[in-house]
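# Working through the structure, step by step
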Amino acid sequence: YGVFLFMGLSSLGGIQFWNRILLFFQQPSKYPKTIYTEHMEKKRIHMYTVFQILFFSLVFVVQNVKAVAIVFPLMTMLCIPGRLFFLPKFFEQWELLLLDGEDEPIAEWLEAKERSVFEYEESKRMMMMEESDSTGDEAAAVEQHA
């Protein structure tokens, strides 16, 4: 048992589920810089973690109660439709992507977000320039009439 216990404990730091459980006990200012801590509300991260703890607890209870242990594989399999159909009722797709998505789609989401922020700032800057031009034209017209 010693080798397996050591291997399990030494890998805990790399498991996102464990890291999100630890967030319950940390100050928000001390959260590690991850994609989901930077772009999501802390309440939403905790809500997702609670859902995962509930799913895990349900599967664990079924596994350890002898009378219903036979349905353990079914309960494990039901976690998939739970993720695909149940969780989207509580979370936006982009939140689920950041919390349990793969690296490539997350990178695409980040790129699209940066692009949309850039486009928004660019359009805002253009509107301000147009307003200042129209204000300048009005001032020039007032000077001509005076």
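Data block above holds the structure.
Described below are features of the structure shown in this document.

Criteria and thresholds
- Residues numbered from 1 in each chain as written.
- Predicted model: local features only at pLDDT ≥ 70, side-chain atom pairs only at ≥ 80, totals over all residues.
- Heavy atoms only, no water.
- Helix = DSSP H or I, 4+ residues; strand = E, 2+ residues; numbered from the N terminus.
- Buried < 20%, exposed > 50% of the residue type's maximum accessible area, 1.4 Å probe, protein only.
- Contact = heavy atoms within 4.5 Å.
- Areas by Shrake-Rupley, 256 points an atom, 1.4 Å probe, with all protein chains shown as cover.
- Lys, Arg positive; Asp, Glu negative; His and termini not counted.
- Charge placed at Lys NZ, Arg CZ, Asp CG, Glu CD.
- Phe/Tyr/Trp six-rings, centres within 6.5 Å; stacked < 30°, edge-to-face > 60°.
- Salt bridge = Lys/Arg side-chain N within 4 Å of Asp/Glu carboxyl O.
- Patch = residues over 30% accessible without salt bridge, like charges linked within 9 Å, V, L, I, M, F, W, Y side chains within 5 Å.
- Core = buried A, V, L, I, M, F, W, Y, C linked by side-chain atoms within 4.5 Å.

## Considerations on the overall build of the chain
Within the chain, the regular secondary structure consists of 7 helices and 0 strands. Sequence-ordered secondary structure for the chain, helices as α and strands as β, is α-α-α-α-α-α-α. Projecting the C-alpha coordinates of the chain onto the three principal axes gives extents of approximately 95 × 30 × 25 Å. For the chain, the residues scored as buried account for 18% of the 146 residues in total. A separation threshold of at least 6 residues defines the contact pool for the chain, and within that pool the share at least 24 residues apart is 54%. For the chain, the exposed surface amounts to about 11,300 Å²; the carbon and sulfur share of it is 66%. Positive and negative charge centroids in the chain, built from 13 and 20 side chains respectively, lie 16 Å apart.

## Some remarks on the packing of aromatic side chains
Enumeration over the complete set of coordinates arrives at 8 aromatic pairs. Ring centres of F51 and F86 lie 5.6 Å apart, and the angle between their planes is 85°; this geometry places the pair in the edge-to-face category. Of this pair, F51 sits in helix α4 (residues 42-64) while F86 sits in helix α5 (residues 72-86); the two residues are 35 residues apart in sequence, bridging distant segments of the chain. Ring centres of F56 and F60 lie 6.0 Å apart, and the angle between their planes is 25°; this geometry places the pair in the stacked category. You can see F56 and its partner F60 sitting in helix α4, 4 residues apart, about one turn around the helix. Looking at F60, the relative accessible area reads 45%, which means it is partly exposed. Three or more aromatic residues joined by ring pairs form one cluster here, namely Y48, F51, F55, F86, F90 and F91.

## Observations regarding the pattern of salt bridges
Under the counting rule described, the total for this entry stands at 4 salt bridges. When the shortest N-O distance is used, the salt bridge between R83 and D100 registers 2.7 Å. In this pair, R83 is assigned in helix α5 and D100 in helix α6 (residues 93-100), connecting sequence segments 17 residues apart. Given a relative accessible area of 33%, D100 falls into the partly exposed group. Its salt-bridge partner being R115, residue E111 comes within 3.4 Å of it at the nearest N-O pair.

## A few points about a nonpolar patch on the surface
A cluster of nonpolar side chains, contributed by V61, V65, V68, I70, V71, L74, M77, L78, I80, L84 and F85, occupies part of the molecular surface with about 1,000 Å² of accessible area. The topology assignment puts L84 in helix α5. We classify L84 as partly exposed; its relative accessible area is 49%.

## A word on the nonpolar core
With 16 residues, the main nonpolar core has Y36 and L98 as its most contacted residues. Broken down by secondary-structure element, the contributors of at least two residues to this core are α3 (35-39), α4, α6 and α7 (103-145). Among the elements that line this core, the one with the most residues is α6, at 4 residues. Y36 has contacts with Q16, N19, R20, L23, I45, L98 and L99, leaving out every residue within four places of it along the chain.

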